[in-house]
Amino acid sequence: MSLIRRVLPFPLMFLALVVMWLLLKQSVAPGTVLFGALVAFGGTWAMVALDPPPARLRRPRAVLQLAGRVFIDVFRSNLAVGRIILGEAERRTHAGFMSLRLEMTDRYGLAVLAIILTCTPGTQWVSYDPSRGTLLLHVLDLVDELEWAELIKLRYEVLLREIFE
Amino acid sequence: MSEAPDLPLWAALLVSVLVLLGAVIALIGSIGLLRLPDFYSRVHAPSLGATVGAGCLLVGSMICFSVLQGRMLVHELLIALFLTITTPVTLMLLARAALHRDRVERNGDAPERDPEPIDIA
Amino acid sequence: MSVLILSWSLTLAQIMLAVSMGLCAVRFLRGPRAQDRILGLDTLYVNAMLMLITIGIGSGTTLYFEAALLIGTLGFVATVAMAKFLMRGEVIE
């Protein structure tokens, strides 16, 4: 393990960069793979200079579970927002800000939560206050704040904490 | 009328459905950009086209080129990955910029202070 | 037959995407505030990218893929720079 780490400081990122290179070149010829590995090698060492805080990914099952949930929710919220847009004008007046307290403090977990909440139409991450651990959200269909807070805490935050903390 | 590649019938039907669905969703998102009443509501609209809209079109494109060239061609995944990372960044930055401006101007479009946070044990 | 189906649906999709680009342009022109204009422009970029993908399917070559990726990148950088400008009044801090 330590030998791999010494040659490749970020093995997962190395793999991701190689795959990206292969996708860009649209081939898996040995030459492409070799050159891709070279590019990825340079890329991962450039990352050392940036010195990112260490991230640990745990529980791959939870990752899959979260991915499945997000996939379903993106479709569901697309449908809901589509209805609001095409429906009567009255339905477009329930938008508003809400705030909730998060227990998660891991930066990567918060980043993933931000991507999830913004990518699902209907919820928009606005700002996070790290000193108080509160998150300001804008919700398009803010009828019941508690329901949204429960959705975010139970559906996403629990799994994200399992993965990142 | 645009030209089109010669695909087997099943693939042509599948790609057609996906392309039309993606375009319809992107269109709904853009209609939302026009119909929603205030800026913070409008921020929600572009993510329709950028998630499921783009997803449908990209899967359609993947099927089309994979069938045409007789091998797996999934480079569209890169665009999908790129979109999922960039869309939240732009929308979040815009929302924060708008909040910052509205609070500095005190024009009543945004709350002066954050609402009381909800605690769920 | 299959060429006909696909070309009709691609044409229809391109018309719809052109309309949505037009709607984004309307939001860009109408405003009312700078953030609305930037949001319209950003959505315009995404729709243009989707349009390029449909054109790419129609042409049957993967050449348009790079163009789509490029327009996405440019749109992203432009929007981030402008949003940053709105927040502080300066692009580089």
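Predicted, not measured: the structure shown is a model, and the values here were computed from it.

Undergrad: Explain helix H6 (residues 145–164) of chain A residue by residue, including any values.
TA: Residues and elements named next belong to chain A. The terminal C-alpha atoms of H6 lie 26 Å apart, and with 20 residues this matches the ideal 28 Å at 1.5 Å per residue to within 8%. Where H6 bends most, the angle comes to about 35°, and this point is glutamate 157. Burial in H6 covers these residues: Ala149, Ile152, Lys153, Tyr156, Glu157, Leu159, Leu160, Ile163 and Phe164. Where H6 begins, the capping side chain belongs to aspartate 144, and its oxygen is found 3.2 Å from the backbone nitrogen of leucine 146.

Undergrad: A description of the UniProt feature "transmembrane region" (unreviewed entry) in chain C should follow, citing residues and the corresponding values.
TA: Residue and element names in this part refer to chain C. The sites that UniProt annotates as "transmembrane region" (unreviewed entry) are residues 6–26, 38–57 and 63–87. Across residues 6–26, helical content stands at 100% and strand content at 0%; the span's end C-alpha atoms are separated by 30 Å. In residues 63–87, the share of helix is 100% and the share of strand is 0%. The end C-alpha atoms are 37 Å apart.

Undergrad: Before we move on, can you summarise the UniProt feature "transmembrane region" (unreviewed entry) in chain A with the specific residues and values?
TA: Residues and elements named next belong to chain A. The sites that UniProt annotates as "transmembrane region" (unreviewed entry) are residues 7–24, 30–50 and 108–128. With 83% helix and 0% strand, residues 7–24 has end C-alpha atoms that lie 25 Å from one another. What you have in residues 108–128 is 57% helix and 29% strand, and the ends, taken at the C-alpha atoms, are 13 Å apart.

Undergrad: Can you break down the interface of chain B and chain C residue by residue, with the values?
TA: Contacts between the two partners involve 60 residues from chain B and, on the opposite side, 58 residues from chain C. The interface formed by chain B and chain C includes 3 salt bridges. For Asp102(B), the salt bridge goes to Arg33(C), with nearest N and O atoms at 2.7 Å. If you look at where chain B meets chain C, you find 10 residue pairs in polar contact (both at pLDDT 80 or more). Where the side of chain B that touches chain C is concerned, the elements lending two or more residues are helix H1 (9–35), helix H2 (39–42), helix H3 (46–69) and helix H4 (76–105) of chain B.

What counts as what
Sequence order sets the numbering: in each chain, residues are counted from 1 along the sequence as written. Ligands are numbered from 1 and chains lettered from A, in the order in which they are written. The model is predicted, so local features are restricted to residues of pLDDT at least 70 and side-chain atom pairs to those at 80 or more, both for listing and for counting; the totals for chains, interfaces and linings are taken over all residues. Only hydrogens and water are removed before side-chain values are computed, so all heavy atoms of the structure are retained for them. The secondary structure listing takes helices from DSSP runs of H or I that are at least 4 residues long and strands from runs of E that are at least 2 residues long, numbered from the N terminus. Here, expected helix span is obtained from the residue count minus one, scaled by 1.5 Å. We define the bend at each residue as the angle formed by axes fitted to the 7 residues ending at it and the 7 residues starting at it. Each residue is placed in one exposure class: buried if its accessible area under a 1.4 Å probe, protein chains only, is under 20% of its type's maximum, exposed if it is over 50%, and partly exposed if it falls in between. A 3.5 Å cut-off defines polar contacts: any pair of N or O atoms within that distance qualifies, except that in protein one atom must be a possible hydrogen donor and the other a possible acceptor, and neighbouring residues in sequence count only when both atoms are side-chain atoms. UniProt positions are given in the numbering used here, feature names are shortened, and annotations may be inferred rather than shown by experiment. Whether two residues touch is decided by their heavy atoms; if any such pair falls within 4.5 Å, the residues are in contact. Here a salt bridge means any side-chain nitrogen of Lys or Arg lying within 4 Å of a carboxyl oxygen belonging to Asp or Glu.

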